[in-house]
Amino acid sequence: MKKVSIIIPVFNEINTVNQLLEKVEQAAFSGLEKEIIIVDDSSTDGTKEILKNLADKYTILFHDKNKGKGAAIRSAIGKVTGDFTVIQDADLEYLPDDYDKLLPLLINDEADVVYGSRFRNKENLKNFLLKNKIANKFLTILTNILYNAEITDMETCYKAFKSEFIKNITINSDRFDFEPEITAKILKQKIRLKEVPINYLGRSHDEGKKINWKDGLHAIFTLIKYRFKD
């Protein structure tokens, strides 16, 4: 039986981490064995203590200081043993029920990478803050211009890979600039990428959303940098 590895970077998600893990456990995996790899990025709100109690159930790594989402994913990739890899945020904006939309394209060798597009599902548009929707649209358009692509959601969390591909891509970004970096390198290497519509339940900064306008500037810089640099 083939296996899927679910990478979950976590930072200060005490209100959602248990519910998220329950949903991951309950999700359909297209008949695949699964492993769950969690990286706690030096949480300070009690999340770390919750995860320590789950160490016998999951593969859990603990950063001794906050390094960022990209660094957490980089740490987790070294532990991946699955044929496929899916990235899952811990904030419940994305629903693990959608794994069964992402994985069949990889299993059937129709793609090497699959992005879950929030914008291909029109029902999601009401769940975006206006400024976040505009920023996401702008960054995706910039990606398409720079890399001659036709994707609809560069910044999506839901990225699924044949594991051999993500293991062979060097990730330098430590924080949220992981998203533009990995996308740039996938598009430059002409790796087969497809998108599927997914569900999205956006949250506000008051509810714990961490990405901000500075991350948007870093994303622009990252997209331009990797257009001209390997």
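Please refer to the structure placed before this passage.
Keep in mind the model is a prediction, meaning the values are calculated, not measured. (Residues numbered from 1 in each chain as written. Predicted model: local features only at pLDDT ≥ 70, side-chain atom pairs only at ≥ 80, totals over all residues. Heavy atoms only, no water.)

## Regarding the overall build of the chain
We count it as follows: Numbering of helices and strands runs from the N terminus, with a helix taken as a DSSP run of H or I at least four residues long and a strand as a DSSP run of E at least two residues long. Put simply, the radius of gyration uses C-alpha atoms, and a globule should come to 2.2 Å times the residue count raised to 0.38. A 1.4 Å probe rolled over the protein chains alone gives each residue an accessible area, and that area as a share of the maximum for its type sets the label: buried under 20%, exposed over 50%, partly exposed in between. Here, residues are in contact when the closest pair of their heavy atoms is within 4.5 Å.
Summing up its helical and strand segments, the chain has eight helices and seven strands in all. Relative to the compact-globule value of 17 Å for 230 residues, the chain shows a C-alpha radius of gyration of 16 Å, a close match. Counting only C-alpha atoms and orienting by the principal axes, one finds that the chain spans roughly 45 × 40 × 35 Å. The buried share of the chain, reckoned over its 230 residues, is 55%. In the chain, 77% of the contacts between residues at least 6 apart in sequence involve partners at least 24 apart.

## Quick word on the sheet that holds strand β5 (residues 113-117)
Using the following cut-off: Any two strands with at least two DSSP-identified bridges between them are counted as paired. Axis definition: a line fitted to C-alpha atoms, over the contacting stretch in the case of helices. Angles run 0 to 180 degrees between N-to-C directions.
Pairing within the open sheet is mixed, and its seven strands lie in the order β3-β2-β1-β4-β6-β5-β7. A single partner strand is all that each edge strand has here, and the edge strands are β3 (59-62) and β7 (193-197). The average undirected angle you get between the axes of adjacent strands in this sheet is 20°. Of the strands in this sheet, β1 (3-10), β2 (33-40), β3 and β4 (84-87) are in contact with helix α3 (residues 69-77), which crosses β1 at around 145°.

## Some details on the environment of lysine 79
Topologically, lysine 79 is positioned in the loop between α3 and β4. With 44 residues separating them along the chain, lysine 79 and glutamate 35 place their C-alpha atoms 10.0 Å apart.

## What to know about the nonpolar core
Filter applied, for reference: Throughout, nonpolar core names a set of buried Ala, Val, Leu, Ile, Met, Phe, Trp, Tyr and Cys residues whose side chains join them through atoms within 4.5 Å.
Residues Ile8, Leu21 and Tyr99 are the most contacted members of the largest nonpolar core, which totals 71 residues. Not counting residues within four places of it along the chain, the set of residues in contact with isoleucine 8 comprises Leu20, Leu21, Val24, Ile36, Ile37, Ile38, Val39, Gln88 and Ala90.

## Quick word on the environment of phenylalanine 84
Counting through the fold element by element, phenylalanine 84 comes out in strand β4. Using a relative accessible area of 3% as the deciding quantity, one classes phenylalanine 84 as buried. Separated by 14 residues in the primary sequence, phenylalanine 84 and aspartate 98 have C-alpha atoms spaced 15 Å apart.

## Focus on the layout of surface pockets
Put simply, the rule reads: The definitions used throughout rest on a 1 Å grid laid over the protein atoms alone, on which a cavity is an enclosed set of points accommodating a 1.4 Å probe that cannot get out and a pocket is an open set flanked by protein within 12 Å on both sides along at least five of seven lines; lining residues are those having an atom within 4 Å of a point. Grid points are joined across faces, edges and corners, and a volume is the space filled by probe spheres set on the points. The residue classification treats Ala, Val, Leu, Ile, Met, Phe, Trp, Tyr, Cys and Pro as nonpolar and Asp, Glu, Lys and Arg as charged. All others, Gly included, are polar.
In this structure, the second largest pocket occupies an estimated 170 Å³ of space. Around the second largest pocket sit Arg120, Tyr147, Asn148, Ala149, Glu150, Ile151, Leu187, Lys190, Ile191, Leu193, Lys194 and Glu195, which together line it. For the lining of the second largest pocket, the element with the highest residue contribution is β7, accounting for three residues. Taken together, the residues that form the lining of the second largest pocket break down as six nonpolar, one polar and five charged.

## Some remarks on the packing of aromatic side chains
Spelled out, the test is: Pairing of aromatic side chains requires ring centres within 6.5 Å, counting the rings of Phe and Tyr and the six-membered ring of Trp. Pairs whose planes differ by under 30 degrees are stacked, by over 60 edge-to-face, and all others tilted. Only Lys NZ and Arg CZ are tested; either one counts as a charge over a ring when it is within 6 Å of the ring centre and within 35 degrees of the ring normal.
On inspection of all chains with the given rule, the structure shows four aromatic pairs. An angle of 45° between the planes, with centres 5.1 Å apart, marks the rings of tyrosine 94 and tyrosine 158 as tilted. Of the two residues, tyrosine 94 sits in the loop between β4 and α4 (99-107) while tyrosine 158 sits in the loop between α5 (130-147) and β6 (159-162), which places them 64 residues apart along the sequence. Of the two residues examined, tyrosine 94 and tyrosine 158, each falls in the buried class. Here a set of aromatic residues connected by ring pairs shows up, and it is made of Phe29, Tyr94, Tyr99, Tyr158 and Tyr200. Sitting over the ring of tyrosine 115, lysine 159 keeps its end group 4.6 Å from the ring centre. Sitting above the plane of the phenylalanine 228 ring, arginine 227 keeps its charged end 5.5 Å from the centroid.

## Quick word on α4
Defined as follows: The arc in question is traced by the directions running from the helix axis to the C-beta atoms.
Those residues of α4 that fall on the buried side of the exposure criterion are Tyr99, Leu102, Leu103, Leu105 and Leu106. When α4 is viewed along its axis, its buried side chains cluster within an angular range of 155° and face the same direction. In this structure, the buried residues of α4 make contact with β1, α1 (17-26), β4, β5, β6 and β7.

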